[in-house]
Amino acid sequence: MDLPRFWRAHPAAAIALSGGADSAYLLYSAVQAGAAVKAYFVQTEFQPAFERDDAQRLAAQLGVPLQVLPLEALADPQIAVNPPDRCYHCKRRLLSAILDRARADGYALLADGTNASDTAGDRPGMRALGELSVVSPLRLCGLDKQDVRRRAREAGLFTWDKPAYACLATRFPAGMPLAAEELRKIDEAEAYLRELGFSDLRLRRTPGGVRLQLPAAQLPAAAAQAAAISARLTPVFGEAVLDLAPRPAGEPPDAALVQDRVAELRCNLDDMTGEDIAFAVERLLEAGALDAWTAPIYMKKGRPAVLLTCLCPAAEARRFTDLLLRHTATLGVRRSDCGRLSLPRTVERRGPVRVKVSQGGGIRREKPEHDDLAALAQAHGLSLEELRQQLGF
């Protein structure tokens, strides 16, 4: 199927317009096909003013009626607490608001700008599309992001090269509650940074302040203006740091993942017993290391040795380096820092068993706590596998 054929089959529709490249081209294609359409933009605490302005500008250029629907997303506690599946709850609330208004206006079909490049892993809210029977014509016609941008450029749409923009809520890690005032601060700070000439940026909220992410080409300019940026952001957030890891060009919309920086500390050990190395690993884990492990290696002259690796938060690398130097015989510790994306993790209690739950970006994994299973299996005279089957794990 192609878009003209789609619009011939659906000559009247409501379109969810975000102000971005995808929904903009979808609206243009409907107008070109002669379909009777109306656009709807939902204004929440999560959308900056420029997104609404772009939606209004586009609708005016195409001669399409646009209705802006105010919505207090934070009034929904399932959104305000910022759970790992926040995007699903938010998307469902936004689409439901459009559907109610569109049906009152006489439209039976609602279309959105999801394209063929979008996957459930990238967009947790896609589950809401299926539940509410929202149609995605670009995706149905096999048009990916590259196709949309090429066609939008040929059509002369000003949105053709607009960077993907994820809502302000994605600036906060899952589990950090969302508040209107904090969202406003991020919005104003990002607007200030755009005034300085930066684009395709993200200002990530951290427990101690904010972290600025920029494409590689913009990092030198940010370093040159570091004093001015710090003077503007530090009084507001308490701490402002520039992430030296470049923000990838064309990064897909932010998924509900935890973003942090970790350090990998390594040392070679060829003069310690296995028992002493195991003791050192235990001390690292007790101290809060994210992980610690060993691997056999061979050093010069064929000497067998052990490579000890400790993974820890980058901000605590010095503390864990001191522990390695104290509890092992090494004379030096190698360090590598990197950014990390991980699924948010929580612990749920199901009867006598704790279950570790990891979910985000359309992914959900569950793993029962081994110690709880082992104690329960021993108490009832069952094997671990028999117990898992009984409990449904």
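Per chain, the residues get numbers from 1 upward, laid out in the order the sequence is written. Per-residue local features are limited, in this predicted model, to residues with pLDDT of at least 70; the limit for side-chain atom pairs, both in listing and counting, is 80 or more; totals at the level of whole chains, interfaces and linings are taken over all residues. Hydrogens and water are ignored here; the side-chain numbers use all heavy atoms of the structure.

Q: Looking at this model, I keep getting lost on the overall build of the protein. Mind explaining?
A: Helix numbering and strand numbering both begin at the N terminus, where a helix is a DSSP run of H or I of at least 4 residues and a strand a DSSP run of E of at least 2. Along its length, the protein carries 15 helices and 14 strands. Each principal axis of the C-alpha atoms in the protein carries an extent, and together these give about 80 × 60 × 45 Å. Only protein chains enter the accessibility calculation, which uses a 1.4 Å probe. A residue is then buried if its area is under 20% of the maximum for its type, exposed if over 50%, and partly exposed in between. For the protein, buried positions account for 44% of its 393 residues. Summarising the internal contacts of the protein: among those between residues at least 6 apart in sequence, 65% fall at separations of at least 24. We get accessible surface area from the Shrake-Rupley algorithm with a probe of 1.4 Å; when it comes to residues, only the shown protein chains can shield them. Surface summary for the protein: the accessible area is close to 19500 Å², and the carbon and sulfur share equals 53%. Across the protein, the mean location of the 51 positive side-chain charges is 2 Å away from that of the 49 negative side-chain charges. Any pair of residues with heavy atoms lying within 4.5 Å of one another is described as a contacting pair. A positive count includes Lys and Arg, and a negative count includes Asp and Glu. His and the chain ends are not counted in either. Every charge is mapped onto a representative atom, which is NZ of Lys, CZ of Arg, CG of Asp or CD of Glu.

Q: It is not clear to me how the side chain of Ser29 should be interpreted in this structure. Could you clarify?
A: In this fold, Ser29 is placed in helix H2 (residues 21-32). Two N or O atoms count as a polar contact when they lie within 3.5 Å, although within protein this holds only if one can serve as hydrogen donor and the other as acceptor, and sequence-adjacent residues are included solely when both atoms are side-chain atoms. Only 3.0 Å separates the side chain of Ser29 from the side chain of Trp7, close enough to count as a polar contact. At 2.7 Å, the side chain of Ser29 and the backbone oxygen of Leu26 are in polar contact. Those residues in contact with Ser29, other than ones at most four positions away along the chain, are Leu3 and Trp7.

Q: So what exactly am I meant to see when it comes to the packing of H2 against helix H8 (residues 145-155) here?
A: Helices that pack against each other are described as a pair by the angle of their axes relative to one another and the distance between those axes. Axis geometry follows a simple rule: fit a line to the C-alpha atoms, using only the stretch in contact for helices, then measure angles between N-to-C directions, giving values from 0 to 180 degrees. Closest axis-to-axis distance for the H2/H8 pair is 10 Å, and the angle between their directions is 55°. Classified by the angle their axes make, H2 and H8 are oblique. Relative to H8, the crossing made by H2 is left-handed. Along its contact with H2, which presents Ala21, Asp22, Tyr25 and Tyr28, the element H8 presents Lys145, Val148, Arg149, Arg151, Ala152 and Ala155. Think of it as three bins: nonpolar holds Ala, Val, Leu, Ile, Met, Phe, Trp, Tyr, Cys and Pro, charged holds Asp, Glu, Lys and Arg, and polar takes everything else, Gly as well. Broken down by class, the residue content of the contact of H2 with H8 amounts to six nonpolar, no polar and four charged. Orientation is classified from the angle alone, with under 35 degrees giving roughly parallel, over 145 giving roughly antiparallel, 65 to 115 giving roughly perpendicular, and any other angle giving oblique. By convention the crossing between two helices is left-handed if the near helix lies anticlockwise of the far one by an angle smaller than a right angle, and right-handed if it lies clockwise.

Q: Sorry if this is basic, but what is going on with the pairing of strand E3 (residues 66-70) here?
A: When DSSP finds at least two bridges between two strands, those strands are taken to pair. Inspection of the sheet shows strand E2 (residues 36-43) paired to E3 by five bridges, in the parallel sense. Within E3, the position partnered with Ala39 by the bridge is Leu66. For a crossover, the right-handed case is the one in which the path from the first strand over the helix to the second runs clockwise, viewed with the strands pointing away from the viewer. A crossover connection joins E2 to the parallel E3 through helix H3 (residues 49-62); in handedness this β-α-β unit is right-handed.

Q: Just to check I follow, could you spell out the state of the cysteines for this structure?
A: Two cysteine sulfurs form what is called a disulfide whenever their separation falls within 2.5 Å. Evaluation of the coordinates by the stated rule reveals zero disulfides. Take Cys312: it sits in no disulfide, and the sulfur closest to it among the cysteines is that of Cys310, at 5.0 Å. Residue Cys312 is classed as buried on the basis of its relative accessible area, which comes to 0%.

Q: I tried to follow the environment of Glu282 on my own but got confused; where do I start?
A: By secondary structure assignment, the location of Glu282 is in helix H12 (residues 274-286). Given a relative accessible area of 43%, Glu282 falls into the partly exposed group. Sequence separation between Glu282 and Trp293 is 11 residues, and the spatial gap between their C-alpha atoms is 9.9 Å.

Q: Which parts of the structure should I look at to understand helix H14 (residues 370-380)?
A: Each α-helix winds once per 3.6 residues, and so residues spaced three or four apart point in a common direction. All of the buried residues along H14 are Asp372, Leu373, Leu376 and Ala377. Looking down the long axis of H14, one finds its buried residues gathered within 125° of arc, a one-sided arrangement. Turned more than 90 degrees away from the buried face of H14, the exposed residues are Asp371, Gln378 and Ala379. Positive backbone phi, at 65°, marks Gly381, one or two positions downstream of H14. The arc in question is formed by the directions pointing from the helix axis toward the C-beta atoms.

Q: How should I be thinking about the sheet that holds strand E4 (residues 110-111) in this particular structure?
A: What holds strands together in a sheet is hydrogen bonding between their backbones, with the strands either parallel or antiparallel. On the basis of which strands lie adjacent, the open sheet formed by four strands has the order E3-E2-E1-E4 and parallel pairing. Both edges of this open sheet fall to E3 and E4, since each of them pairs with a single strand only. Pairing between strand E1 (residues 12-16) and E2: five bridges, direction parallel. Within E2, the residue paired with Ala14 across the bridge is Lys38. Together, E1, E2, E3 and E4 form the strand contacts of helix H5 (residues 86-104), whose direction differs from that of E2 by roughly 140°.

Q: How should the nonpolar core be read in this particular structure?
A: For the purposes of this section, nonpolar cores are sets of buried Ala, Val, Leu, Ile, Met, Phe, Trp, Tyr and Cys residues that join through side-chain atoms within 4.5 Å. Residues Phe46, Leu110, Leu193 and Leu203 are the most contacted members of the largest nonpolar core, which totals 45 residues. For this core, the element with the highest residue contribution is H5, accounting for seven residues. Contacts of Leu193, omitting those with residues within four sequence positions, involve Phe198, Leu201, Leu203, Leu212 and Ile229. Residues Ala24, Leu143, Val148 and Leu157 belong to the second largest nonpolar core, which totals 29 residues.

Q: Just to check I follow, could you spell out the pattern of salt bridges for this structure?
A: Pairing is possible between side chains that carry opposite charge, provided their charged atoms lie close to one another. Any Lys or Arg side-chain nitrogen found within 4 Å of a carboxyl oxygen on Asp or Glu counts as a salt bridge. Scanning all chains against the criterion turns up 28 salt bridges. Here Asp105 makes a salt bridge to Arg101, at a shortest N to O gap of 3.0 Å. A salt bridge links Arg261 to Asp243, with the shortest nitrogen-to-oxygen separation between them at 3.5 Å. Here the residue Arg261 occupies a position in strand E8 (residues 258-269), and Asp243 occupies one in the loop between strand E7 (240-242) and E8, the gap between them amounting to 18 residues. Classification of Arg261 by relative accessible area gives partly exposed; the value is 30%.

Interpretation note: all reported values are geometric properties and have no functional meaning in isolation.
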